[in-house]
Amino acid sequence: MATRKRPVRKVPELPKCGPCNGTGEVPRAVRVGRKHRLVGQQSGICLSCLGTGEATD
Ligand SMILES: [Zn+2]
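Just so it is clear, the structure is predicted and the values come from calculations on it, not from any experiment.

This next bit is on the overall build of the chain. In terms of regular secondary structure, the chain is built from 0 helices and 2 strands. Expected size for 57 residues packed as a compact globule is a radius of gyration near 10 Å; at 20 Å, the chain overshoots this value by more than 25%. Its C-alpha atoms put the chain at 80 × 20 × 10 Å along the principal axes. For the chain, buried positions account for 14% of its 57 residues.

It is worth spelling out the coordination of the zinc ion at this point. A four-donor tetrahedral metal ideally has 109.5 degree angles, and a six-donor octahedral metal ideally has angles of 90 or 180 degrees. Coordination of the zinc ion by the protein involves Cys17 (SG), Cys20 (SG), Cys46 (SG) and Cys49 (SG), with metal-donor separations of 2.2 to 2.3 Å. For the zinc ion, the 4 donor atoms in the first shell make angles of 107 to 113° at the metal, a pattern classed as tetrahedral. When the donor residues of the zinc ion are listed from N- to C-terminus, their spacing reads C-x2-C-x25-C-x2-C. Here the residue cysteine 20 occupies a position in the segment before β1 (25–32), and cysteine 46 occupies one in the segment after β2 (37–45), the gap between them amounting to 26 residues.

Residues Ile45, Leu47 and Leu50 make up a contiguous nonpolar surface patch of roughly 340 Å² in combined accessible area. Its place among the elements puts isoleucine 45 in strand β2. For isoleucine 45, a relative accessible area of 47% translates into the label partly exposed.

A few words on the environment of glycine 33. On the secondary structure map, glycine 33 appears in the loop between β1 and β2. Sequence spacing of glycine 33 and glycine 22 is 11 residues, and the spatial spacing of their C-alpha atoms is 32 Å.

The rules behind the values
- Residues numbered from 1 in each chain as written.
- Predicted model: local features only at pLDDT ≥ 70, side-chain atom pairs only at ≥ 80, totals over all residues.
- Heavy atoms only, no water.
- Helix = DSSP H or I, 4+ residues; strand = E, 2+ residues; numbered from the N terminus.
- Rg over C-alpha atoms; globule rule 2.2 N^0.38 Å.
- Buried < 20%, exposed > 50% of the residue type's maximum accessible area, 1.4 Å probe, protein only.
- Donors = N, O, S within 2.8 Å, 3.2 Å for Na, K, Ca; no water.
- Tetrahedral: all angles 85-135°; square planar, octahedral: opposite > 155°, others 65-115°.
- Patch = residues over 30% accessible without salt bridge, like charges linked within 9 Å, V, L, I, M, F, W, Y side chains within 5 Å.
- Areas by Shrake-Rupley, 256 points an atom, 1.4 Å probe, with all protein chains shown as cover.
- Salt bridge = Lys/Arg side-chain N within 4 Å of Asp/Glu carboxyl O.

Printed below as a string of structure tokens:
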């Protein structure tokens, strides 16, 4: 009896960028004024992966 081999689907593991967790964007606090009052958050491009979300080594 022939046993069918199940194709093992291997997900290629892309190394995720740490600071942005693979999203390519990091939340940035927006501060204004002399007291650096926090006015909100913006998403900014991740400087570690430059927006790709992949860890570059
Ligand atoms: Zn990143």
